[in-house]
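# Observations on the three-dimensional arrangement
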Amino acid sequence: MASATGRCRRALGPGFASLETGKNEAAINAFNEFFAKSNPRKIRGRDYLGIAKAKMSYAVDANGVLNNPTKFNEALVDLQKAAELDHRLSNEFSELGVKMYKQKAYLEAAKLFELALKHKESRTYTLDNYYYGQSIFIASIDKTADQKAAMKPEFEKANAAFAEVIKNSPNTQDAYLNKGKLNRVIDTEQSKKEALLDYEGYVKVVTSKGEAELAKEAVKKNLLEAYTFIGSSYATTDKVKAIAEKHEVNFFYPDAETISISFNETTSVNDINQIIAIFAEATEKDAFTVNQLANEVLVPENLVRKSTFLQHEVFNNHHSESQLMRYIKKLERKDLSLNHSMIS
């Protein structure tokens, strides 16, 4: 004769079936009925995982909007119970976190990754640390100063998570980069010092990977961000200005902490190396040398002009701004205007 728990477990089948078909309310009811009738010692971790998944789907819509915080918090409690019964389920917590992350529910994703990180032997442990740090970073970007202050515990955990990624996978360049970005968002004196080390770590890892890595567009953009922050951290504008003027180089200094440099098609390798040398001297670091500039055209193909232009003889007879302005004035004098004919 089948036991009461066995009969309940068979009755739980519709709960998992409802979960698979997206009938979350029916799944929640089936799981709750099972829990109410079963011997607690017979309940498995996966049972709590099932009801947690149903509650999460119920709590967060497809666009990542948390519309039922109560259900979400209940789901977290169920996941904790699942982990206590079977720590191997942490891999599935990670999958739930990735799903929330992709839905842009970043704070909710962070809570799931935090649960997953309690099992350090998990095969996704390093990746979960990265996702946790990244979730907190993205969630904090548009927060006010007061909101950021309230997130201090999360910031500390996120920094520790990125540090764990770097320890376990030293060549993961984005861990350095995003840790630096996180510390810039935190925006305290201490976090700025940490951000400097993070960006320097990013530069070191990227440059060690060689020309193929440095040629990637995303890496070029990130390097510009890194070098800009490093330069502004090490050098005051007064120091850079003094060194630049000594080398007869003129930069633009919009404020006491910013140096602006413009480049165009006339910029040469020597110009780039001279700029690098100026900043190296200002930061008391060794300068590296650029051997060649990129040859590829960065203008999108659909925007590249294919037709001829400025072919009229006017543009070929007047070769300076002054000559062209004299020509325009000559045309003006031929025109009959009000100041010549109707105003006495």
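These numbers were taken from a predicted model, which means no experiment stands behind them.

Helix and strand counts for the protein stand at 19 helices and 2 strands. Against the globule reference of 20 Å for 344 residues, the protein gives a C-alpha radius of gyration of 31 Å, more extended than a compact globule. By principal-axis analysis of the C-alpha atoms, the protein measures approximately 110 × 60 × 40 Å. The proportion of buried residues among the 344 residues of the protein is 38%. Counted over contacts in the protein with a minimum sequence separation of 6, partners at least 24 positions apart contribute 52%. Summed over its atoms, the accessible surface of the protein is roughly 21900 Å², and 52% of this surface lies on carbon and sulfur atoms. Between the mean site of the 47 positive side-chain charges and the mean site of the 46 negative ones, the protein shows a separation of 8 Å.

At their nearest, the axes of helix 7 (residues 106-116) and helix 8 (residues 125-140) sit 8 Å apart, and the two run at 155° to each other. Compared by their axis directions, helix 7 and helix 8 come out roughly antiparallel. Both helix 7 and helix 8 take part in a crossing whose hand is left-handed. Between helix 7 and helix 8, the contacting residues are Tyr106, Leu107, Ala109, Ala110, Phe113, Glu114 and Ala116 on the first element and Asp128, Tyr131, Tyr132, Ser135, Ile136, Ile138 and Ala139 on the second. Residue classes in the contact of helix 7 with helix 8 are distributed as 11 nonpolar, 1 polar and 2 charged.

The next thing to look at is the confidence of the model for the protein. Of the residues in the protein, 92% reach a pLDDT of 70 or more, and the chain-wide mean stands at 84. Ranking the helices and strands of the protein by mean pLDDT puts helix 10 (residues 152-168) first, with 94, and helix 1 (residues 4-11) last, with 53.

On to unusual backbone geometry. In the Ramachandran plot, Asp187 falls in the positive-phi region, its phi being about 60° despite a non-glycine side chain. Within the secondary structure layout, Asp187 lies in the loop between helix 11 (173-186) and helix 12 (189-208). The phi dihedral of Leu310 is positive, around 50°, even though this residue is not glycine.

This brings us to the packing of aromatic side chains. A complete count under the given rule lists 9 aromatic pairs for this structure. With a centroid separation of 5.3 Å and 80° between ring planes, the pair formed by Tyr101 and Tyr106 is classed as edge-to-face. Note on accessibility: Tyr101 and Tyr106 belong to one class, buried. Ring-pair connections join several aromatic residues into one group, and the members of that group are Tyr101, Tyr106, Phe113, Tyr130, Tyr131 and Phe162.

Let us now look at the nonpolar core. If you look at the biggest cluster of nonpolar residues, it comprises 66 residues, and the most contacted ones within it are Met56, Leu79, Phe93, Met100, Tyr132 and Tyr202. If sequence neighbours within four positions are ignored, Tyr202 has contacts with Gln173, Asp174, Tyr176, Leu177, Val219, Asn222, Leu223 and Ala226. Among the nonpolar cores identified, the runner-up in size contains 10 residues, and Val240, Ala244, Ile278 and Phe279 belong to it.

Assignment of secondary structure puts Thr267 in the loop between strand 2 (258-260) and helix 16 (269-283). Sequence-distant contacts of Thr267, that is, excluding residues within four places in its chain, are made with Ile272 and Leu293.

Before going further, it helps to spend a moment on the pattern of salt bridges. Should the charged atoms of two oppositely charged side chains come close, the side chains can pair. Per the stated rule, a full pass over the model turns up 20 salt bridges. Lys216 serves as the salt-bridge partner of Glu213, at 3.0 Å between the closest nitrogen and oxygen. Classification of Glu213 as buried rests on a relative accessible area of 12%. Classification of Lys216 by relative accessible area gives partly exposed; the value is 44%. Each of Lys55, Lys71, Glu74 and Asp78 takes part in one network of salt bridges that share partners.

Okay, the environment of Gly45 next. By the element assignment, Gly45 lies in helix 4 (residues 45-59). For Gly45, a relative accessible area of 5% gives the class buried. Taking C-alpha positions, Gly45 is 25 Å from Tyr106, a pair spaced 61 residues apart along the chain. Setting aside chain neighbours within four positions, we find Gly45 in contact with Ala82, Leu85 and Leu89.

With that out of the way, let us pick up helix 8. The terminal C-alpha atoms of helix 8, which comprises 16 residues, lie 23 Å apart, in line with the 22 Å expected from a rise of 1.5 Å per residue. The buried fraction of helix 8 amounts to 13 of the 16 residues, a majority that puts the element mostly inside the structure.

By the secondary structure assignment, Asn63 is in the loop between helix 4 and helix 5 (69-85). In this structure Asn63 comes out as exposed when scored by relative accessible area, which is 64%. Note: C-alpha distance between Asn63 and Ala105 (42 residues apart in sequence) is 8.2 Å.

Pairing of strand 1 (residues 252-255) with strand 2 involves 2 bridges; the strand directions are antiparallel. Bridged to Phe252 within strand 2 is Ser260. Linkage of strand 1 to strand 2, two consecutive antiparallel strands, is achieved through a turn of 2 residues.

Criteria and cut-off values
- Residues numbered from 1 in each chain as written.
- Predicted model: local features only at pLDDT ≥ 70, side-chain atom pairs only at ≥ 80, totals over all residues.
- Heavy atoms only, no water.
- Helix = DSSP H or I, 4+ residues; strand = E, 2+ residues; numbered from the N terminus.
- Rg over C-alpha atoms; globule rule 2.2 N^0.38 Å.
- Buried < 20%, exposed > 50% of the residue type's maximum accessible area, 1.4 Å probe, protein only.
- Contact = heavy atoms within 4.5 Å.
- Areas by Shrake-Rupley, 256 points an atom, 1.4 Å probe, with all protein chains shown as cover.
- Lys, Arg positive; Asp, Glu negative; His and termini not counted.
- Charge placed at Lys NZ, Arg CZ, Asp CG, Glu CD.
- Axes fitted to C-alpha atoms, helices over the stretch in contact; angles between N-to-C directions.
- Parallel < 35°, antiparallel > 145°, perpendicular 65-115°, else oblique.
- Left-handed = near helix turned anticlockwise from the far one by under 90°.
- Nonpolar A, V, L, I, M, F, W, Y, C, P; charged D, E, K, R; others polar.
- pLDDT = per-residue confidence, 0-100.
- Phe/Tyr/Trp six-rings, centres within 6.5 Å; stacked < 30°, edge-to-face > 60°.
- Core = buried A, V, L, I, M, F, W, Y, C linked by side-chain atoms within 4.5 Å.
- Salt bridge = Lys/Arg side-chain N within 4 Å of Asp/Glu carboxyl O.
- Expected span 1.5 Å × (residues − 1).
- Pairing = 2+ DSSP bridges.

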